[in-house]
Structure formats: structure tokens, C-alpha cells
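Descriptive analysis of the structure
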Amino acid sequence: MNETDGLRYRRLNRAKIITDEPQAPENKNSSYSGKVFRVTLVTLAVSLLVPLIGAIILLESPVEPQYLSFLEPPLMSGALEPNFKLRQAERLFEGQLIGPESMANIGGVLYTGTADGKIVKIEDGKMHTLATLGRPPCGTQKDELTCGRPLGIRASQNRTLFVADAYLGLFEVNPFTGEVKELVSTQIPVNGKRLSFVNDLDVTRDGRKIYFTDSSSKWQRRDYAYLFMEGINDGRLLEYDTFTKEVTVLMDDLRFPNGVQLSPNEDFVLVAELTMARIRRCYVSGLNKGGLDLFVENLPGFPDNIRSSSSGGYWVAMSAVRPNPGFSMHDFLSQKPWIKKIIFKLLSQETLMKFVPKYSLVVELHDSGVCKRSFHDPHGTVATYVSEAHEQDGYLYLGSFRSPFLCRLNLNEV
């Protein structure tokens, strides 16, 4: 055997090391504990997944989502460049007003409706209840059906208030005495469909015609999240003639119609179609009477109320946006109705609202529909859940369908 062979032999038969220290025995307890942990983990996962899968399969979804299609949201640049201008607003009557959705003024007196069914009068920095439309109890969402929920409110040139109540219908309210007169009841169907969600309104200067929206014949205001996510096209624009007492349907098949605004010449009515992020136009007088078209589409958010601006354009309030650059959950889910079904099988409306990013946006549109400027509050730090922008004497009053305050923005400072 040569030297190389000997070396190879010694490597293969290396001697054992002998030591006085006792060798550690095999840890059988550790191996057993690992198996127990894995079994527990699998059992826990199964116990969570099985009910979840069962709920997805067996539970009925409260909504039947429609397949919708959107253009890519407009870039947040130029007139839409994000800013913090809404954060310059001041909060008014915080904790005293719940959900002041809409506002109207007669002279220096401001009027609004609240979540507890009241029409409130604000004068000289003081607030008091002018009228109530429904009957008590009031104060919770469950009470809205009988207590009422005033949404759109307008003042006519003859110094009369007109109010759209989501559950009760259209009303005329005397701004001095608080006397209430019912004009249109939701108990009476229009063209075979009930008025389930009366939303906003506008009135002609002579007070004869009132144009108003019924957001859905299926869903009520308390189910607005269902209406929005389902995307059903059962909303309408209607006309009420205060002389003949007749109600006429001007537009139907709308997806969550919301804000209403007459043009300065009263030849057309603008209607915010919230679910579709656009504003429709209906001609009500002149050569184009009866004609319908799009005023503006592919808005950067979901439009609520529309109000005239002093420049001859329109203020549009949005409480949720379609950020670009960014991610819009609504746009993403629009072509995935099956995911929407699963979401509403597992989550309540209130829970879902917690996942909606707070981003308040108010845009001013030219009379052509082009965006002139925009005011933002990313994260809704000051102005939250903005539903309307009402201009008066150099200020922009910001309503909200949810917040416990009004906001006021000095337009001369922005």
C-alpha cells in the first residue's frame, strides 16, 4: 500500500473523539411540541376557513352587482392638482349639527336639514329648529323611516323653502313661521314605481317647477352603500308642477342620480350620476327641450350635490375620489361583480365605510363642463364627507351627509 492509499484509508476511518462529558440525549419533547404546534395551526386555519367558505357559498348577497365600465380616471394635475385648500376652512357649530347635507340662504339667514329630521335656521351666529318633517323618535338611522331625513334644500325668489326628504317626499316650508306643507308624498307611486330615495332638488325662479331626483326605487337612503356598489340603474329625474300638482318623469335608468342644478337660463337641468362619476344634462325648455346628453364624464370623484358659482359655473362636491396616480377600489371592482357579492356577504355597510379613504374634493366647473379649479382635503382632516358646496357672500359653505358640523371657506383666501 502506497502513501496515498494510506491517507485515503485514514480519512474514511476517522477515529471517534472520546470525552468525559456526557452526550445530550435526543430531545423527543421538542419534536413532540413541534408536531402539536403544526396540528394546532392547521386546526385553527381549518376552523376559520370552513365557516368562511361556507358563508361565501351559502349566504345570500344583499346586492346583485351590475357590470360597469369606466375610463381611466383623469390625472390629478393642472386644475386638479392636489392641494390642502379645504383645510383652510373653519368648522361651525361642531357637535350641534349632524349631517347638514345641503344649505340654502334667504338674505343673511342660512337654512339646512339634519340627520335627526330637523330644518335648522342659522342667524347671527345662533341656531334654532325651524321645523320637523316627520315624527319622533329621531336620532338614529333606524328612526329615519318615520322621522325623516332632509337632504336637498332650496330657497325660491318668493322667499319660500323647498325641501327634499329622503323618506317622506317634497315639502314647502315657511322660513319665518316653520309651517310645513307636503307637496309630493313617497307613498304615491310615479309611473308604477315608488319613490324610495328622494335626494336633491332645484326650483325655477317663478316657483312653478321643481326638478328633483329619486336615487332608487329599490334602495332607501340608509342603504346608500348597497345602491352605490350594486350599480343598479333604477334612479330618475322628475318634475313637479306646483300649479297642476302633476309629477312627470324626465329621465330614468340612472345609476344613483343625486345633485340637481338648473342652468342660469333655466333651459336645462344638470343631474349628478354618482355611481358613474359623471353629470348628465336634460333640456327642459327651448329648441332642445326633451333632449338628453352628457355634460361632463369621467370625473375625478363621485359627484354629490351641484350648485351654481358666482362666475357662472358650477360647484360640485365629492366625498370620495378616483385617484390617478393611485388606486380606485370602485373602478377596480366595477368589472368584478362576483367580488362585490362576496364583500357584502361578509361585511356590513358601516364596516365597509371604514375602508373608504377620507378625501374631500370640491371642483368648480366652467359652464362648458371643463374644470376651472379644485379644493382638496386629503385624508379629510378638516372637511369630511363633503356633500355640497354652497357659495354665499364670498364664502363657500360645505355641507356633509355624515359629519357633525358645517364648514366655511373664505374664497378670498384661497
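Just so it is clear, the model here is predicted, and its values are computed rather than measured.

On to the side chain of Arg 280. Turning to its location among the elements, Arg 280 is positioned in strand 16 (residues 278–283). At 3.2 Å, the side chain of Arg 280 and the side chain of Glu 273 are in polar contact. Discounting residues that sit within four places of it in the chain, Arg 280 has contacts with Met 251, Leu 254, Val 269, Leu 270, Val 271, Glu 273, Asp 293, Leu 294 and Phe 295.

Bringing the pairing of strand 7 (residues 161–165) into the picture now. Counted residue by residue, strand 7 has 5 buried out of 5 residues, so it is predominantly covered. Because side chains alternate across strand 7, one face comprises the buried residues Leu 161, Val 163 and Asp 165, and the other comprises Phe 162 and Ala 164, equally buried. Here 4 bridges tie strand 6 (residues 150–155) to strand 7, and the two strands are oriented antiparallel to one another. Looking across to strand 7, one finds that Ile 153 is bridged to Val 163. Note: strand 7 against strand 8 (residues 169–173), 5 bridges, orientation antiparallel. Each residue of the ladder has a partner; that of Val 163, found in strand 8, is Phe 171. What sits between strand 7 and strand 8 in their antiparallel hairpin is a turn of 3 residues.

Approximately 1,000 Å³ is the volume attributed to the largest pocket. Residue lining of the largest pocket: 40 residues in total, with Phe 228, Phe 302, Ser 319, Ala 320 and Val 356 positioned closest to the centre. Elements supplying a minimum of two residues to the lining of the largest pocket: helix 4 (224–230), strand 18 (301–308), strand 19 (314–321), helix 5 (329–333), helix 7 (349–353) and strand 20 (359–365). A per-element tally of the lining of the largest pocket places helix 4 first, with 4 residues. Split into classes, the residues belonging to the lining of the largest pocket amount to 28 nonpolar, 8 polar and 4 charged. Counted as a void, the second largest pocket has a volume near 740 Å³. Around the second largest pocket sit 29 residues that line it, and Arg 154, Ala 155, Asp 202, Gln 261 and Ser 308 are the ones nearest its centre. Per-class residue counts for the lining of the second largest pocket are 8 nonpolar, 13 polar and 8 charged.

The rules behind these values
- Residues numbered from 1 in each chain as written.
- Predicted model: local features only at pLDDT ≥ 70, side-chain atom pairs only at ≥ 80, totals over all residues.
- Heavy atoms only, no water.
- Helix = DSSP H or I, 4+ residues; strand = E, 2+ residues; numbered from the N terminus.
- Polar contact = N/O pair within 3.5 Å; in protein donor to acceptor, adjacent residues only side chain to side chain.
- Contact = heavy atoms within 4.5 Å.
- Buried < 20%, exposed > 50% of the residue type's maximum accessible area, 1.4 Å probe, protein only.
- Pairing = 2+ DSSP bridges.
- 1 Å grid on protein atoms, 1.4 Å probe; cavity = no way out; pocket = protein on both sides within 12 Å on 5 of 7 lines; lining within 4 Å.
- Points joined across faces, edges and corners; volume = space filled by probe spheres on them.
- Nonpolar A, V, L, I, M, F, W, Y, C, P; charged D, E, K, R; others polar.

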